Amino acid sequence: MTTLRNVCCVNDHKAGNSLCLALYLRWSLATSVCMTYVLSSSLVSHSLSVDICVHATHDAMANPSPAKSMGDPGITPLSPSHTQQTDTDQVQSQLSFVVVVAIDFGTTSSGYAYAFTKEPECIHTMRRWEGGDPGVSNQKTPTTILLTPDRKFHSFGYAARDFYHDLDPSESKHWLYLEKFKMKLHTTANLSIDTDLHAANGKRVKALDIFAYALAFFKEQALKELSDQTGGEFDNNDVRWVITVPAIWKMPAKQFMREAAYKSGLVSRENPEQLIIALEPEAASIYCRKLRLHQMVDLGTQTSQNGFNPTDNVGSGMTQGDRYVVVDCGGGTVDLTVHQIRLPEGHLKELYKASGGPYGSIGIDYEFEKLLCKIFGQDFIDQFKVKRPAAWVDLMIAFESRKRAAAPDRTNPLNINLPFSFIDYYKKFRGHSVEHALRKSNVDFVKWSSQGMLRMSPDAMNSLFKPTIDHIIQHLTELFEKPEVSDIKFLFLVGGFAESPLLQHAVQNMLQGRSRIIIPHDVGLTILKGAVLFGLDPSVIKVRRSPLTYGVGVLNRFVEGKHPPEKLLVKDGTRWCTDVFDTFIAADQSVALGEMVKRSYTPAKPSQQVIVIHVYCSEKESVGFISESGIRKCGTLRLDVSGTESTAPRREIQTLMQFGDTEIRAMAVDVSTGRTVKASIDFLSH
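Here the structure is a predicted model, which means the values were calculated and not measured.

Reading the values: rules and limits
- Residues numbered from 1 in each chain as written.
- Predicted model: local features only at pLDDT ≥ 70, side-chain atom pairs only at ≥ 80, totals over all residues.
- Heavy atoms only, no water.
- Helix = DSSP H or I, 4+ residues; strand = E, 2+ residues; numbered from the N terminus.
- Buried < 20%, exposed > 50% of the residue type's maximum accessible area, 1.4 Å probe, protein only.
- Contact = heavy atoms within 4.5 Å.
- Areas by Shrake-Rupley, 256 points an atom, 1.4 Å probe, with all protein chains shown as cover.
- 1 Å grid on protein atoms, 1.4 Å probe; cavity = no way out; pocket = protein on both sides within 12 Å on 5 of 7 lines; lining within 4 Å.
- Points joined across faces, edges and corners; volume = space filled by probe spheres on them.
- Nonpolar A, V, L, I, M, F, W, Y, C, P; charged D, E, K, R; others polar.
- pLDDT = per-residue confidence, 0-100.
- Pairing = 2+ DSSP bridges.
- Axes fitted to C-alpha atoms, helices over the stretch in contact; angles between N-to-C directions.
- Core = buried A, V, L, I, M, F, W, Y, C linked by side-chain atoms within 4.5 Å.
- Lys, Arg positive; Asp, Glu negative; His and termini not counted.
- Salt bridge = Lys/Arg side-chain N within 4 Å of Asp/Glu carboxyl O.
- Polar contact = N/O pair within 3.5 Å; in protein donor to acceptor, adjacent residues only side chain to side chain.
- Arc of directions from axis to C-beta.

The secondary structure content of the protein amounts to 15 helices and 35 strands. Sorting the 686 residues of the protein into buried and exposed places 56% on the buried side. In the protein, of all internal contacts separated by at least 6 residues, the share reaching a separation of at least 24 is 68%. If you sum the accessible surface of the protein, you get close to 28400 Å²; carbon and sulfur atoms cover 49% of it.

Below, the structure is given as structure tokens:
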């Protein structure tokens, strides 16, 4: 083993200093692998990382890799490898918890469920909420939150909505009411802990505060119910918490939910394993495979018997290797996951990376809003939402109950109540009546009834569903054309939107009998119950598919004819190729639970406290350079090496990254001392 040290100077334009950087190289002639490591500034207060990497040959070792520039960090790993880890650690870690509580934080409705670890088959759903709408199940509560005028938490769910509704309009404009805010985490490009939300009155509020308030509310409700159940004050340390998120959410959104959990006091940063992030369609999948046949409807036969004994579960109709699709149709997103069952344990393997999009039922609400704008004018609707926010909420509640009555074979019209303040404010705004506006508009399938209602024909209501359902069917069609998605035995429709007869009918028409379409009876609670099961055994899903390609930028030896001339860097007579993408894991690559990607780095100076490495990602499976289109910087790997100083001449920090779980994790150890190094991957924009 040989170690070289090379010093070169680069100019730090930002700090206005010329900084000397030390670069260490290490290689093994037996494997012909050359190692380069992250550099650091000689200034203690200034952290610096540089792109460096070499893939060595025997005769190339005399020339060390140069420090390229003040670019993004890059390294060549020490014998890049994947290692397998057993599930025993994970299984043991949950045994210390007395109960698992899952929070299904939905776009339109939310709730919690729990199970005691000694009675894992007995899942308790939360107490029924006070309030509710006619014809709408109130097993969950609306994802609505109300803050006082001085921005203190007031109430959540039905309580928030009803209190806000009862406020005088002159008062309500000072209160901060938010609904359907979860989608902001999916739609915000550069999500950060400083991302804002807009309340109904147009005022801005920190998203992190709102999510933390909501989680604190559920913590209080759940602990109170657990205390009542057990007859004493229940200790939060005895709870393993599970929060559900859409599978198509990127890492920043998942990390945001974890940050909100820390802020809410649900769990502490010192005990991160007390919280598990569950993917919604995965949770549904875990629950669906345990369903008894009398607990579901087969759309093909409209029966729960299905040729099986009604006390059998779906597994009795499945054989080793059977494949099924779960379509989670929620308020904000539609999530699809493809699983294969492994018997006898019933472990699951993901066959194709999670897919979907923002095709949830709130898309129908947006179409209704567009229809109102067409009839009454965009300017009026925008003004009404700000000036009469509580009345706008009332109008959308009225629409929600009629939306649920839409069906393919419906013939009679649907009536939607217009709040008095809508009719009154429109007359003041335009100088003529709502009835006049309807007559003058070109929308002939919406009429005015003498009872003060909008009367919509069934075709008019169905047309509001069409864009959203078309998106879902197009996505399903494309998914079923993938070679990995063949021979699908079951398609499970879950989530609140799955109750829609229009959606069910469209999915049936698309599949044409190729798969059996199964809908659980408690379709709105499927994810919640599955999330509890996942919290009890997080190792049930053995193999996942990576949604993105992840890696870092490095330097390689320049190969004529292979590397682009513009990537050539010559230093001390040696030719290097810059911006090479060192892949940790590729998009749609199978990765087993517990599988690790291993890299080794070393501080350039003994005094260096932190190593910072930029992580890049792409939807492309094959990436050559970090400068390609579609490649973006998505996070930073941070290794805190303070407190692990040793007398060894060169410190090797071995880093392990886990990609097979619902979150990407990093851990590290100082090889010479065996001490743990604090490692973290940060995906939120700062």
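All chains considered together, the criterion is met by 2 cavities of 30 Å³ or more. Roughly 50 Å³ of internal volume is contained in the largest cavity. Lining the largest cavity we find Lys-250, Met-251, Pro-252, Leu-548, Tyr-550, Cys-617, Arg-632, Cys-634 and Phe-683. Contributing elements (two or more residues each) for the lining of the largest cavity: α6 (251-264) and β32 (632-640). Classifying every residue of the lining of the largest cavity by side-chain character gives 7 nonpolar, no polar and 2 charged.

When pLDDT is averaged along the protein, the result is 82; 81% of the residues meet or exceed 70. The model gives residues 303-311 a pLDDT under 50, and that stretch makes 24 contacts with residues more than four places away or in other chains.

Moving on, we come to the sheet that holds strand β19 (residues 347-357). Overall, mixed pairing links the 8 strands, which are arranged β16-β24-β23-β17-β18-β19-β25-β29 in an open sheet. Because the sheet does not close on itself, it has two edges, and the strands there are β16 (296-298) and β29 (590-592). Here the strands of the sheet are splayed against their neighbours by 25° on average, with no regard to which way each runs. Here strand β17 (residues 323-329) pairs with strand β23 (residues 488-494) via 6 bridges, running parallel.

Across a regular strand the side chains alternate sides, sitting on one face of the sheet and then on the other. As paired strands, strand β20 (residues 414-417) and strand β22 (residues 453-456) are joined by 4 bridges and run antiparallel to one another. What sits directly across from Ile-416, in β22, is Leu-454. With antiparallel pairing between neighbouring strands as the criterion, strand β21 (residues 446-449) and β22 make up a hairpin whose turn holds 3 residues, including Gly-452 at a positive phi of roughly 80°.

Moving on, we get to the layout of surface pockets. Its volume calculated, the second largest pocket comes out at about 1100 Å³. Around the second largest pocket, the lining is made up of 50 residues, and of these Thr-108, Ser-109, Glu-400, Arg-404 and Gly-496 lie nearest the centre. When contributions to the lining of the second largest pocket are tallied by element, the ones reaching two or more residues are β8 (141-142), α2 (158-166), α10 (389-403) and α15 (526-536). Considering every element that reaches the lining of the second largest pocket, the biggest residue donor is α10, with 5 residues. Considered class by class, the residues forming the lining of the second largest pocket number 14 nonpolar, 21 polar and 15 charged.

Here the focus is the nonpolar core. One finds Phe-211, Trp-241, Phe-376 and Leu-491 to be the most contacted residues of the largest nonpolar core, which totals 147 residues. A per-element tally of this core places helix α5 (residues 207-230) first, with 11 residues. Residues contacting Phe-211, with those up to four places away along its chain left out, are Phe-105, Phe-181, Lys-182, Leu-185, Leu-197, Phe-256, Met-257 and Ala-260. Judged by nonpolar contacts, the second largest core, of 32 residues, contains Tyr-550, Ile-613, Ile-653 and Val-677.

This paragraph deals with the sheet that holds β20. Spatially, β20-β22-β21 is the arrangement adopted by the 3 strands of the open sheet, whose pairing is antiparallel. The outermost strands of the open sheet, each flanked by one partner alone, are β20 and β21. Pairs of neighbouring strands in the sheet enclose a mean axial angle of 30°, with direction left out of account. The strands touched by helix α13 (residues 458-480) are β20 and β22; relative to β22, the strand with the most contacts, the crossing angle is about 85°.

A few words now on the side chain of Glu-595. Inspection of the secondary structure puts Glu-595 in the loop between β29 and β30 (596-601). Buried and unpaired, Glu-595 has no salt bridge, with Arg-342 as the nearest side chain of opposite charge at 9.8 Å. A polar contact is formed between the side chain of Glu-595 and the backbone nitrogen of Ala-592, at a distance of 2.9 Å.

The complete set of buried residues in α2 reads Tyr-158, Ala-160, Arg-161 and Tyr-164. End-on, the buried residues of α2 take up no more than an arc of 165°, which puts them together on one face. Looking at the buried side of α2, the elements it contacts are β8, β9 (144-147), β10 (153-156), α3 (169-172), β11 (176-179) and α10.

With that settled, consider the pattern of salt bridges. Taken as a whole, this structure holds 31 salt bridges when the rule is applied. Residues Arg-430 and Asp-379 are paired through a salt bridge, measuring 2.6 Å at the closest nitrogen-oxygen approach. Of this pair, Arg-430 sits in helix α11 (residues 420-430) while Asp-379 is found in helix α9 (residues 378-387), placing the two residues 51 residues apart along the sequence. For Arg-430, a relative accessible area of 29% gives the class partly exposed. By relative accessible area, which is 41% here, Asp-379 ends up partly exposed. Measuring nitrogen to oxygen at the nearest pair gives 3.7 Å for the salt bridge that ties Arg-439 to Glu-435. Placement of both Arg-439 and Glu-435 in helix α12 (residues 434-440) is noted, with a separation of 4 residues, approximately one turn of the helix. The class of Arg-439 is exposed, set by a relative accessible area of 59%. Owing to a relative accessible area of 39%, Glu-435 belongs among the partly exposed residues under this scheme.

Before going further, it helps to spend a moment on unusual backbone geometry. Phi is positive for Lys-180, close to 55°, though the residue is something other than glycine. Its place among the elements puts Lys-180 in the loop between β11 and α4 (184-187). Phi is positive for Asp-487, which is not a glycine, with a value near 55°. Inspection of the secondary structure assignment puts Asp-487 in the loop between α13 and β23. Judged by relative accessible area, Asp-487 falls into the exposed class, the value being 68%.

Moving on: α9. Looking at α9, one finds that the buried residues are Phe-380, Ile-381 and Phe-384. One face of α9 carries all of its buried residues, which in axial projection span an arc of 95°.

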